[in-house]
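Chain residues, written in single-letter form:
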Amino acid sequence: MCEDNVAIGRDYTRKNAEMAARWKIDVNRDPGSIPLEELDPAHDDLFGANKVLPYFERLRKEDPVHLNETGPYGRYWSITKYEDIMFVDTNHKLFSSDIRNGGIRLGGLPLEGEPDPLTYLPMFIMEDPPKHDEQRKVVQPMFTPQNLADLEPVIRERAGQILDELPRGETFNWVREVSVELTGRTLATLFNVPQEDRHKLIHWSDTVERIGDPEYFETPEDAFKELWNCWEYFDGVWKDRLENPGSDLISMLAHGESTKNMPPNEYLGNMLLLIVGGNDTTRNSITGGVLALNQHQDEYRKLKDNPDVIPNMVSEIIRWQSPVAHMCRTAMEDVEVRGKTIRKGDKVAMWYVSGNRDDEKIDRANEFLIDREGARHHLSFGFGIHRCIGNRVGEMQLRILWEEIMKRFSNVEVVAEPKYLRSNFIRGITELPVVVHAK
């Protein structure tokens, strides 16, 4: 579970949605044939077609600090090398995450005038210190080692139930039947809401990433209306926890000094932050791991021969999938990176998906190796003050699930091509047709 997985508010204005719809690209074009100054990896269609990695490979080699000034996202810098991403991510005074400066994803705009409270949803990942630190501390106790130890048997029981209910010998969508189910049940537990409401949580999580997608919502405003249904639901939970506090995340927010007086739009923003953070990172890594093992059969055989490699494999899966493709910052002063001057006010995109394949930092970075030495040294959880607060919960879910898979199945076989999420922010898989084979 990672709070660094969602930012909305100003990021999805009607203007941006319309511009993105007009910005066309041939996803099958060789990026080597594109003039370097025109090379822009941010098109959602490249991610939807799973064609973006060669763009990053070229940028890492030829222009690792790369300026784009065309396209729907305006002027922004692509940071594609591991060490440069670390520099930006760990210097929060130089590079702001604040929503008022443009937030944490491409498309975010600096605030001008009074924001619309219906679409302006601040959240602590889009705050700079001290407010970020104060609000983050409110929910941090949920992720102590003792709480994780208490959560482990619950996750194991639910993972077993999910796997035992899968059809044998029949094709089904692994994303819907396994990845979404496990993360949804875990979220419901962390919020202490009824398990039957987990599908609402997943629906609101999906809505966040599809605000600007005309296939799902005619206008961004329609999507925001749906998100306010999330606020109505959790407003009731909040009121209950004021009278009946517990050890869940909502109780922590309702009674925390820096969160108990949040206005409705900030409460909704932070709830969506926790929902998407608890869903997308883990869910897409669960799915991405199955796909990667099928694409690298030698590694799958290695796993079958030695299931003790699972904890290390989990880190490699998260690196390989890179479920958060990018995070943005805004330069607060002129700063030089690799001889390029990033101007004050410029948007900077840290492409985690690219840094995780930087072969100057990670040996054989373009290979999926479940026994990789130092597999935990990836960028997928971010670094610095915004490092993923719930990374251990996500890792635990993957580890437990694979331990339970190996008890039950000789093979989880991918039988058709996956479908990918059309998003340059969440690197997701929406469909993965599989057949499971019992031992």
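Residues numbered from 1 in each chain as written. Predicted model: local features only at pLDDT ≥ 70, side-chain atom pairs only at ≥ 80, totals over all residues. Heavy atoms only, no water.

S.K.: Could you give an account of helix H12 (residues 297-305), naming the residues involved and the relevant values?
M.R.: Regarding H12, the residues found buried are Glu299, Tyr300 and Leu303. Looking straight down H12, one finds its buried side chains confined to an arc of 105 degrees; they lie on one side. Exposed residues on H12 whose side chains face more than 90 degrees from its buried face are Asp298 and Asp305. Here the buried face of H12 lies against helix H11 (264-295), helix H13 (310-321), helix H15 (391-408) and strand E9 (409-414). (Buried < 20%, exposed > 50% of the residue type's maximum accessible area, 1.4 Å probe, protein only. Helix = DSSP H or I, 4+ residues; strand = E, 2+ residues; numbered from the N terminus. Arc of directions from axis to C-beta. Contact = heavy atoms within 4.5 Å.)

S.K.: Before we move on, could you go through the packing of helix H6 (residues 145-164) against H15 and cite the residues and values that matter?
M.R.: Helix packing for two helices is described by the angle between their axes and how far apart those axes are. At their nearest, the axes of H6 and H15 sit 9 Å apart, and the two run at 40 degrees to each other. The angle between the axes of H6 and H15 places the two elements in the oblique class. For the element pair H6 and H15, the recorded crossing hand is right-handed. Residues Leu148, Leu151, Glu152, Ile155, Arg156, Ala159, Gly160, Leu163 and Asp164 of H6 lie in contact with H15, whose contacting residues are Arg392, Val393, Met396, Gln397, Arg399, Ile400, Leu401, Glu403, Glu404, Ile405, Lys407 and Arg408. When the residues that make up the contact of H6 with H15 are grouped by side-chain class, the tally is 10 nonpolar, two polar and nine charged. (Axes fitted to C-alpha atoms, helices over the stretch in contact; angles between N-to-C directions. Parallel < 35°, antiparallel > 145°, perpendicular 65-115°, else oblique. Left-handed = near helix turned anticlockwise from the far one by under 90°. Nonpolar A, V, L, I, M, F, W, Y, C, P; charged D, E, K, R; others polar.)

S.K.: Tell me about the sheet that holds strand E4 (residues 172-173), and please be specific about residues and values.
M.R.: Across the sheet, which stays open at both edges, the three strands sit in the order E4-E12-E9 with antiparallel pairing between neighbours. Strands with a single pairing partner mark the edges of an open sheet, and in this sheet they are E4 and E9. Pairing geometry for E9 and strand E12 (residues 433-438), over five bridges, is antiparallel. Each residue of the ladder has a partner; that of Phe409, found in E12, is Ala438. Contacts from H15 reach E9 and E12 within the one sheet, and its direction differs from that of E9 by about 110 degrees. (Pairing = 2+ DSSP bridges.)

S.K.: Hey, could you go over the sheet that holds strand E5 (residues 326-331) for me, with residue numbers and the actual values?
M.R.: If you trace the five strands from one edge of the open sheet to the other, you get E1-E2-E8-E5-E3, paired in mixed fashion. A strand with exactly one partner marks an edge of an open sheet, and here the two such strands are strand E1 (65-68) and strand E3 (95-96). Where helix H4 (residues 82-89) meets the sheet, it contacts E1, strand E2 (76-79), E3, E5 and strand E8 (347-351), and its direction lies at approximately 130 degrees from that of E8.

S.K.: Outline the confidence of the model for the protein, listing residues and values.
M.R.: In this model, the protein carries a mean pLDDT of 91, and residues with pLDDT of at least 70 account for 94%. Confidence over residues 1-15 falls short of pLDDT 50; this stretch has 91 contacts with residues more than four positions distant or in other chains. (pLDDT = per-residue confidence, 0-100.)

S.K.: So what's going on with the packing of aromatic side chains? Residues and values would help.
M.R.: For the coordinates displayed, the defined rule picks out 11 aromatic pairs. Cluster of aromatic residues (ring-pair linked, three or more members): Phe191, Trp204, Tyr233 and Phe234. Directly above the ring of Tyr300 sits Lys304, whose terminal nitrogen or CZ lies 4.4 Å from the centroid. In this structure, Arg357 is placed above the aromatic ring of Trp320, and the distance from its NZ or CZ to the ring centre is 4.4 Å. (Phe/Tyr/Trp six-rings, centres within 6.5 Å; stacked < 30°, edge-to-face > 60°. Lys NZ or Arg CZ within 6 Å of the ring centre and 35° of its normal.)

S.K.: Any details on the pairing of E12? Residues and values, ideally.
M.R.: By the bridge criterion, two bridges tie E4 to E12 in an arrangement that is antiparallel. Counterpart to Asn173 in the pairing with E12 is Pro433.

S.K.: Lay out the environment of Ser205 in plain terms, naming residues and giving numbers.
M.R.: Residue position: Ser205 is located in helix H8 (residues 198-209). Since its relative accessible area comes to 1%, Ser205 is described here as buried. Here the alpha-carbon distance between Ser205 and Asp280, two residues 75 residues apart in the chain, equals 7.9 Å. Those residues within four positions of Ser205 in sequence are excluded, and the remaining contacts are Ile275, Val276, Asn279 and Asp280.

S.K.: Describe the pattern of salt bridges, naming the residues involved and giving the relevant values.
M.R.: Scanning the entire structure with this criterion turns up 43 salt bridges. One salt bridge connects Arg100 with Glu127, and the closest N-O pair in it is separated by 2.9 Å. Of this pair, Arg100 sits in the loop between E3 and helix H5 (131-139) while Glu127 is found in the loop between E3 and H5, placing the two residues 27 residues apart along the sequence. By relative accessible area, which is 2% here, Glu127 ends up buried. A network of salt bridges, in which partner residues are shared, links Glu152, Arg156, Asp164, Arg399, Glu403, Glu404, Lys407 and Arg408. (Salt bridge = Lys/Arg side-chain N within 4 Å of Asp/Glu carboxyl O.)

S.K.: Go over the environment of Thr144 with me, naming the residues and quoting the values.
M.R.: Positionally, Thr144 belongs in the loop between H5 and H6. In sequence terms Thr144 and Pro311 are 167 residues apart; their C-alpha atoms lie 19 Å from each other.

S.K.: I'd like to hear about the side chain of Ser380, residue by residue, with values.
M.R.: Structurally, Ser380 can be placed in the loop between helix H14 (352-355) and H15. Among the polar contacts made by the side chain of Ser380, one reaches the side chain of Asn356 at a distance of 3.0 Å. When sequence neighbours within four positions are dropped, the list of residues in contact with Ser380 reads Ile318, Arg319, Ser322, Pro323 and Asn356. (Polar contact = N/O pair within 3.5 Å; in protein donor to acceptor, adjacent residues only side chain to side chain.)

S.K.: Help me get a handle on the nonpolar core, residues and values and all.
M.R.: Residues Trp174, Phe191, Phe234, Leu303 and Trp402 are the most contacted members of the largest nonpolar core, which totals 116 residues. Here the element with the most residues in this core is H11; it accounts for 13 residues. When sequence neighbours within four positions are dropped, the list of residues in contact with Phe191 reads Leu201, Phe234, Arg241, Asp248, Leu249, Ile250, Met271, Leu274 and Ile275. (Core = buried A, V, L, I, M, F, W, Y, C linked by side-chain atoms within 4.5 Å.)

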